[in-house]
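Examination of the molecular architecture
Spelled out, the chains give:
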Amino acid sequence: METAPRGNKLRFGCPYHRWTFDSTGRLVGCPNKPGDYPDDFDRSNYPLARPTMALVHGLVMVTFSEQAPPIDVYLDGLHDSIAEVLAGDGRLRLLGYQKVLLKANWKTYADNDTYHAGLLHTAFRMLNWQGGKGYQEANARGHRLYVGELSLPESAGRLHDPSLIEHRSGGDLSRGSVSVRFFPISGMTRHLDSISIRFANPLSVDETEVHYTYFAHVDDDEKLIKHRVRQASNLLGPCGLVSMEDAAVFHRLHSGSQTPGDAVFQMGVTDEYVIPSEFGQSDESSNLPGWEYYRKVMGYEKAPAG
């Protein structure tokens, strides 16, 4: 109904039939003249559907599903990790947005593992991702926590602006990259000084739209704000230093998925019939809990052991 990306309104009009609702969802106007509607028509019986909402460290989480569990059950222990990503308390200042269209199915986008990070992305090799001693955790709903240990290089190499990989906000680089991913396709990341929330919108079987939102903390001074702006999309944006290869690879993976054969996770898998909850920094096996949850939700039979 509302297409503006931001702003404030007290009235919201449906462009199709011009019914108008106030900010509480109450129907306050609809084009009509006497006799157009049944005699018992009462506007109070036609409010907008009310979603379920929860506020988690400044993050507004909304669902229209009547089957959604309470927020604490849904997050399953991720509250503190969300706070860590969102600068400790969620008191954030919006810096800006980006949007990108990927030529890939949402499942290809969701299947993004950490095994590839230090191998595909030159910037992650520069930050020693593959040699990091970080870890991953996953819960029964397939949500994941990534904690990446990073190290800064002595030289920025070919970078004309070395500040793109500086770490100015403080904190231990053993947790230099912290990410929370909500299964299937939403998440948030604090990488060095960049804070971003990312959510995806499947448009078709071969198109996925991804929205990036970047933040600073409200207590940042102007120098740190400028640094976060510089690092935001230039680091982890759709064409950022770390992630610029993703869109091209997602498209190639999507094309390859049309060919016969199966993709089988190997990195970090010790028993193909056991779904663990803890993983190494670069393991691809952390994808398994998400797909196990997807299997249950979709009602697919699980292959028997052996």
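Structural data are supplied above this passage.
Only a predicted model underlies this, so the values are computations on that prediction, with no experimental measurement involved.

1. So, helix α8 (residues 288-298)
Those residues of α8 lying buried are Pro 289, Gly 290, Glu 292, Tyr 294 and Arg 295. Buried residues belonging to α8 abut α3 (106-110), β7 (135-138) and β13 (278-280). Looking one or two places after α8, you find Gly 299, whose phi comes out positive at around 80 degrees.

2. Quick word on the nonpolar core
By size, the foremost hydrophobic cluster in this structure holds 17 residues, and its most contacted members are Leu 75, Leu 78, Ile 82, Leu 86, Val 180, Phe 182 and Met 188. A per-element tally of this core places strand β9 (residues 177-182) first, with 3 residues. Beyond its immediate sequence surroundings of up to four residues, Leu 86 is in contact with His 57, Leu 59, Arg 91, Leu 92, Met 188, Ile 195 and Ile 197. Core analysis: the next-biggest nonpolar cluster, separate from the first, contains 16 residues, Ala 117, Leu 127, Leu 150 and Leu 192 among them.

3. Thoughts on the side chain of Gln 136
Following the sequence through the fold, Gln 136 ends up in strand β7. A polar atom in the side chain of Gln 136 sits 3.0 Å from the backbone oxygen of Asp 283. A polar contact is formed between the side chain of Gln 136 and the side chain of Ser 286, at a distance of 2.5 Å.

4. Concerning the sheet that holds β9
Adjacent strands of a sheet form backbone hydrogen bonds with each other and so pair up, either parallel or antiparallel. Spatially, β6-β12-β11-β10-β9-β8-β7-β13 is the arrangement adopted by the 8 strands of the open sheet, whose pairing is antiparallel. The strands lining the two open edges of the sheet, one partner per strand, are β6 (92-102) and β13. Along the sheet, successive strands turn relative to each other by an average axial angle of 15 degrees, direction set aside. Along the sheet, helix α6 (residues 222-236) makes contact with β6, β10 (186-191), β11 (194-204) and β12 (207-217), crossing β12 at roughly 165 degrees.

5. Remarks on the pairing of strand β5 (residues 59-63)
As paired elements, strand β4 (residues 52-56) and β5 share 5 bridges and run antiparallel to each other. Bridging from a neighbouring strand, Met 53 pairs with Val 62 of β5. Hairpin remark: β4 followed by β5, antiparallel, with 2 residues in the connecting loop; positive phi at His 57, about 50 degrees.

6. Description of the pattern of salt bridges
Side chains bearing opposite charge may pair, as long as their charged atoms lie close to each other. Per the counting criterion, the structure on display carries 13 salt bridges. Residue Arg 168 is joined to Glu 166 by a salt bridge in which the shortest nitrogen-to-oxygen separation is 2.7 Å. Among the residues examined, Glu 166 registers a relative accessible area of 30% and is labelled partly exposed. Among the ionic pairs, Asp 220 bridges to Arg 228, the shortest N-O distance being 2.6 Å. Of the two residues, Asp 220 and Arg 228, neither departs from the other in class, the shared state being buried. A network of salt bridges, in which partner residues are shared, links Glu 84, Arg 175 and Arg 190.

The rules behind each value
The residue numbering used here restarts from 1 in each chain and proceeds along that chain's sequence as written. Given that the model is predicted, a residue must reach a pLDDT of at least 70 before its local features are reported, and side-chain atom pairs must reach 80 or more before they are shown or counted; all residues, however, enter totals for whole chains, interfaces and linings. As a convention, hydrogens and water are excluded, and side-chain values are obtained from all of the structure's heavy atoms. Each residue is assigned to one of three classes by its accessible area relative to the maximum for its type, calculated with a 1.4 Å probe on protein chains only: buried under 20%, partly exposed between the two thresholds, exposed over 50%. Strands are runs of DSSP state E lasting at least two residues, helices are runs of H or I lasting at least four, and both sets are numbered from the N terminus onward. Throughout, a residue-residue contact means that at least one pair of heavy atoms, one from each residue, lies within 4.5 Å. Only buried residues count toward a nonpolar core. Its members are Ala, Val, Leu, Ile, Met, Phe, Trp, Tyr and Cys residues joined through side-chain atoms within 4.5 Å. The definition of a polar contact used here is a pair of N or O atoms within 3.5 Å, where within protein one atom must be able to donate a hydrogen and the other to accept one, and adjacent residues in sequence count solely through side-chain atom pairs. Strand pairing is assigned whenever DSSP detects at least two bridges linking the two strands. Only the stretch in contact is used when a helix axis is fitted, and all axes are lines through C-alpha atoms; the angle between N-to-C directions ranges over 0 to 180 degrees. Counted as salt bridges are all cases of a side-chain nitrogen of Lys or Arg within 4 Å of a carboxyl oxygen of Asp or Glu.

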